[in-house]
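Here are the chains, one letter per residue:
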Amino acid sequence: MMAFDTTKRDSQATDIIPVRADQFDMDRYVAYESELLKKTHAFMKSASGVLVYRRMRAADVFSAGCRDVRRSLELQLGCLQKSMDFNADIPNFLEPWYGIGVCASAYGIDYIWNEGQAPAVAPAFDTVHEALQYSPSPIAETTIGKDVMNMIDYFLNQTKGKLPISFTDAQSPLNVSTMIVNNTNLLMDTLLDPDAVRAFLDILADLTIDFAQKQQALIGDCLVNPGHGFASARNFEGYGQSDDNIVMLSNEQYIDCALPSFEKVGQKLGGAVLHSCGNWSDKIPVLREINTLRMVDAAFSAETDPHPNPALPFVDALVNTGIVLNARIVGGLDVIEKTVRTLWRPGMKLIVVTYCSTPEEQERAYHLIHEICS
């Protein structure tokens with residue numbers, strides 16, 4: 001099995017030829033999406049099943065290229081065009097990605113634009129108590145928030161409101177907190193002053209909900225869920241949150257301090273959907289506590305993540321629950337086959353996310369996956 005390739009800018013990216021909006025065949029993609037939505041609708045209604053998603057991701061969209069809305073859209077339209085050559089059950093979508101510090105902007109934090117890099121942020125406060133004394137602004141009123149809304153508006157105008165669009169990248173309140181407050185002090189406060197941490201994360205949840213609802217109102221019928229990083233469709237449910245810092249807390253700490261805000265966001269936005277990078281399989285007990293959980297995302301191959309997850313903890317936790325497992329598998333047919341055989345069990349709702357390099361390889365993977373899960 002191949003290991004994670006540290007020479008790649010983005011292990012999940014595909015080389016893409018940009019396509020201008022006036023040269024993109026909107027009607028063809030609308031018809032393509034409409035056919036696939038029949039499959040996603042049936043999947044959502046079923047108690048068990050499998051769908052295949054060939055994610056098309058352009059590396060520059062999730063790096064410095066996000067600063068140029070025209071370039072971002074053209075790259076993403078190139079992704080949509082190329083995706084139609086790969087056999088799959090779920091359509092790709094446009095994403096107004098603009099870094100992961102969107103919610104942090106409510107605390108007066110602006111982006112740092114290093115050459116050739118995605119925008120970064122630096123914490124503005126040493127302690128949670130300092131942050132609690134600050135009056136945050138609604139995200140939509142910040143410079144970064146306005147840029148996101150302008151990007152959504154640009155995408156909608158250029159595509160005539162015909163193509164699927166997601167929310168911008170959604171970080172969990174816990175993830176956002178580490179962009180605002182010194183991480184070491186914040187984690188110490190989960191032990192020393194959990195009440196303050198809960199209060200702070202609750203404020204971040206409210207800011208997140210407010211901005212998501214404003215995006216929802218603007219995107220309208222084009223909106224796909226759960227959004228960034230997840231296989232998404234107009235008839236899927238939930239709001240995706242990246243919660244990578246879940247691995248920094250014990251299960252008990254997370255359930256006590258971070259879970260209330262994470263679930264609050266989910267409750268207001270159609271259900272909780274959770275992603276974390278790395279091997280977070282020891283957090284399975286946390287999943288059992290999320291009442292609104294709709295989908296879980298994890299990496300299951302060494303080429304996807306340098307520390308991928310074992311399959312069985314997720315299968316044991318999710319089988320016969322109706323909760324979808326979004327399984328990312330970068331690798332060849334042998335890796336896909338071996339991994340899917342460990343992930344599949346009757347009663348699973350499984351989305352297999354592939355990154356096959358050619359339509360021919362994808363065709364073989366598509367039929368192999370459906371054969372294993374039949």
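One structure accompanies this document, and this report is about it. (Residues numbered from 1 in each chain as written. Predicted model: local features only at pLDDT ≥ 70, side-chain atom pairs only at ≥ 80, totals over all residues. Heavy atoms only, no water.)

**Section: the side chain of D169**
So, point 1. Its place among the elements puts D169 in the loop between α4 (143-158) and α5 (173-180).
So, point 2. A distance of 2.9 Å separates polar atoms of two side chains, one belonging to D169 and the other to W97.
So, point 3. Among the polar contacts made by the side chain of D169, one reaches the side chain of Q171 at a distance of 2.7 Å.
So, point 4. Beyond its immediate chain neighbours, meaning those up to four positions away, D169 contacts E95, W97, G99, I100, H228 and S242. (Helix = DSSP H or I, 4+ residues; strand = E, 2+ residues; numbered from the N terminus. Polar contact = N/O pair within 3.5 Å; in protein donor to acceptor, adjacent residues only side chain to side chain. Contact = heavy atoms within 4.5 Å.)

**What to know about helix α7 (residues 194-219)**
So, point 1. The end-to-end C-alpha distance of α7 is 37 Å, a good match for the 38 Å that 26 residues give at a rise of 1.5 Å each.
So, point 2. Immediately beyond the C-terminal end of α7, within one or two residues, lies G220, with a positive phi of roughly 65°. (Expected span 1.5 Å × (residues − 1).)

**Observations concerning the nonpolar core**
So, point 1. The biggest cluster of nonpolar side chains holds 114 residues, and the ones touching the most others in it are I180 and L325.
So, point 2. Top element by residues in this core is α7. It accounts for eleven residues.
So, point 3. Ignoring sequence-local partners within four residues, the contact set of L325 consists of V296, F300, F314, L318, L343, M348, K349, L350 and I351.
So, point 4. Formed by 18 residues, the second largest nonpolar core is a distinct cluster that contains L51, I90, V330 and Y355. (Core = buried A, V, L, I, M, F, W, Y, C linked by side-chain atoms within 4.5 Å. Buried < 20%, exposed > 50% of the residue type's maximum accessible area, 1.4 Å probe, protein only.)

**Concerning the packing of helix α11 (residues 333-343) against helix α12 (residues 359-372)**
So, point 1. One way to put it is that α11 packs onto α12 with a least axis distance of 10 Å and a crossing angle of 20°. Between α11 and α12, the crossing angle belongs to the class labelled roughly parallel. α11 and α12 meet at a crossing whose hand is right-handed. Residues L333, I336, E337, V340 and R341 of α11 form the contact with α12, whose own contacting residues are E361, R364, A365, L368, I369 and I372.
So, point 2. Residue composition of the contact of α11 with α12, grouped by class: seven nonpolar, no polar and four charged. (Axes fitted to C-alpha atoms, helices over the stretch in contact; angles between N-to-C directions. Parallel < 35°, antiparallel > 145°, perpendicular 65-115°, else oblique. Left-handed = near helix turned anticlockwise from the far one by under 90°. Nonpolar A, V, L, I, M, F, W, Y, C, P; charged D, E, K, R; others polar.)

**Details of α11**
At 3.6 residues per turn, the α-helix brings residues three or four places apart onto the same side.
So, point 1. Taken together, the buried positions of α11 are occupied by V335, I336, T339, V340 and L343. One side of α11 carries all its buried residues, which in axial view fall inside an arc of 115°. Opposite the buried face of α11, by more than 90 degrees, sit the exposed residues D334 and K338.
So, point 2. Summarising the contacts, the buried residues of α11 are in contact with α10 (312-318), β5 (324-329), β6 (349-354) and α12. (Arc of directions from axis to C-beta.)

**Some thoughts on the environment of Q133**
So, point 1. Mapped onto the secondary structure, Q133 falls in the loop between α3 (128-132) and α4.
So, point 2. Classification of Q133 by relative accessible area gives exposed; the value is 69%.
So, point 3. For the pair Q133 and M151, spaced 18 residues apart in the sequence, the C-alpha separation amounts to 32 Å.

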